[in-house]
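Fold and contact review
Okay, here's what each chain looks like letter by letter:
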Amino acid sequence: KFNEAAKYTSDESFKANMEAGYNNEIQKFLFKTLLKNIEYKIVKTEKQDDETSIVTVEIKNVDMQKVFLQVFQNMVKGAFSKDGSKRPLSVEEVLKEELESKNKPKSKYTTQFVVKKTADGEKIVVTAENIDVLLGKLNTTLLNLGNLGKTENETAVELPETGPSTGVSQKPEELRNQ
């Protein structure tokens, strides 16, 4: 699927950056779950100039902060359970249970995609924020494990401004000039 997605991005290294090498089965399961659960709705499109548009998209996916919080809570409950006949579950087992749940928590976030006209057609300038939102704020959650359960304002982090698909800026209005 990344091969198909790579056709629509202006970042020539997108495919290589997104090819996931999994260290274990739970990582593979996590990413498959996140990709399978993406729902989106285009909220608006604003033409900036003849070559650039900003597309605002509402994305709903598994809320990774809430999932990690539930994993932690369930592990602590298991560790202090009075039922000594059960062995404590591993982090991987608890995470898989949460991801398989029919009632896994989901959240909606809004992000802006910059679309530029190129010789090869329209291409998306993908940002770190776009990827984070698409993946249920997984990167933000991993950067804030000590703040699980706090509000978004309490856990706000700056995503990296360098690295895969981040471009020069994370601001849509500046991306159109790239």
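What this report covers is the structure whose coordinates are included nearby. Small disclaimer: the values here were computed from a predicted structure and weren't measured.

A closer look at the packing of aromatic side chains
- Using the criterion set out here, one finds zero aromatic pairs in the structure.
- Sitting over the ring of Phe29, Lys96 keeps its end group 5.3 Å from the ring centre.
- Between Lys137 and the ring centre of Tyr109, over which it is positioned, the NZ or CZ distance is 4.7 Å.

Thoughts on a nonpolar patch on the surface
- Together, Phe72, Val76 and Phe80 make up a nonpolar patch on the protein surface, roughly 350 Å² of accessible area in all.
- Inspection of the secondary structure assignment puts Val76 in helix α4 (residues 64–79).
- By relative accessible area, which is 34% here, Val76 ends up partly exposed.

A few points about the nonpolar core
- Counting 15 residues, the largest nonpolar core has Leu34, Met64, Val67 and Leu138 as its most contacted members.
- Among the secondary structure elements, those contributing two or more residues to this core are α3 (25–36), α4 and α5 (91–100).
- Considering each element in turn, this core owes the most residues, four residues, to α4.
- Those residues within four positions of Met64 in sequence are excluded, and the remaining contacts are Leu30, Leu34, Leu135, Gly136, Lys137, Leu138 and Thr141.
- Counting seven residues, the second largest nonpolar core, distinct from the first, contains Val57, Ile59, Tyr109 and Val133.

Quick look at the sheet that holds strand β1 (residues 39–47)
- Strand order in the open sheet formed by four strands is β1-β2-β3-β4, with antiparallel pairing between adjacent strands. Two strands close off the open sheet at either side, each with one partner strand: β1 and β4 (121–125). Each strand axis lies, on average, 30 degrees off the axis of its neighbour in the sheet, ignoring direction.

A few points about the packing of α4 against α5
- Contact pair α4 / α5: the axes reach a minimum separation of 9 Å and the direction vectors enclose 130 degrees. In terms of orientation, α4 and α5 fall into the oblique class. Of the two elements, α4 crosses α5, and the hand of that crossing is right-handed. Touching Val67, Gln70, Val71, Asn74 and Met75 of α4 are Val91, Val94, Leu95, Glu98 and Leu99, all from α5.
- The residue inventory of the contact of α4 with α5, partitioned by class, reads seven nonpolar, two polar and one charged.

Things to note about unusual backbone geometry
- Within the chain, Lys137 stands out as a residue other than glycine whose phi angle is a positive 60 degrees.
- Among the structural elements, Lys137 can be located in the loop between α6 (128–134) and α7 (138–143).
- Classification of Lys137 by relative accessible area gives buried; the value is 16%.

Criteria and thresholds
- Residues numbered from 1 in each chain as written.
- Predicted model: local features only at pLDDT ≥ 70, side-chain atom pairs only at ≥ 80, totals over all residues.
- Heavy atoms only, no water.
- Phe/Tyr/Trp six-rings, centres within 6.5 Å; stacked < 30°, edge-to-face > 60°.
- Lys NZ or Arg CZ within 6 Å of the ring centre and 35° of its normal.
- Patch = residues over 30% accessible without salt bridge, like charges linked within 9 Å, V, L, I, M, F, W, Y side chains within 5 Å.
- Areas by Shrake-Rupley, 256 points an atom, 1.4 Å probe, with all protein chains shown as cover.
- Salt bridge = Lys/Arg side-chain N within 4 Å of Asp/Glu carboxyl O.
- Helix = DSSP H or I, 4+ residues; strand = E, 2+ residues; numbered from the N terminus.
- Buried < 20%, exposed > 50% of the residue type's maximum accessible area, 1.4 Å probe, protein only.
- Core = buried A, V, L, I, M, F, W, Y, C linked by side-chain atoms within 4.5 Å.
- Contact = heavy atoms within 4.5 Å.
- Pairing = 2+ DSSP bridges.
- Axes fitted to C-alpha atoms, helices over the stretch in contact; angles between N-to-C directions.
- Parallel < 35°, antiparallel > 145°, perpendicular 65-115°, else oblique.
- Left-handed = near helix turned anticlockwise from the far one by under 90°.
- Nonpolar A, V, L, I, M, F, W, Y, C, P; charged D, E, K, R; others polar.

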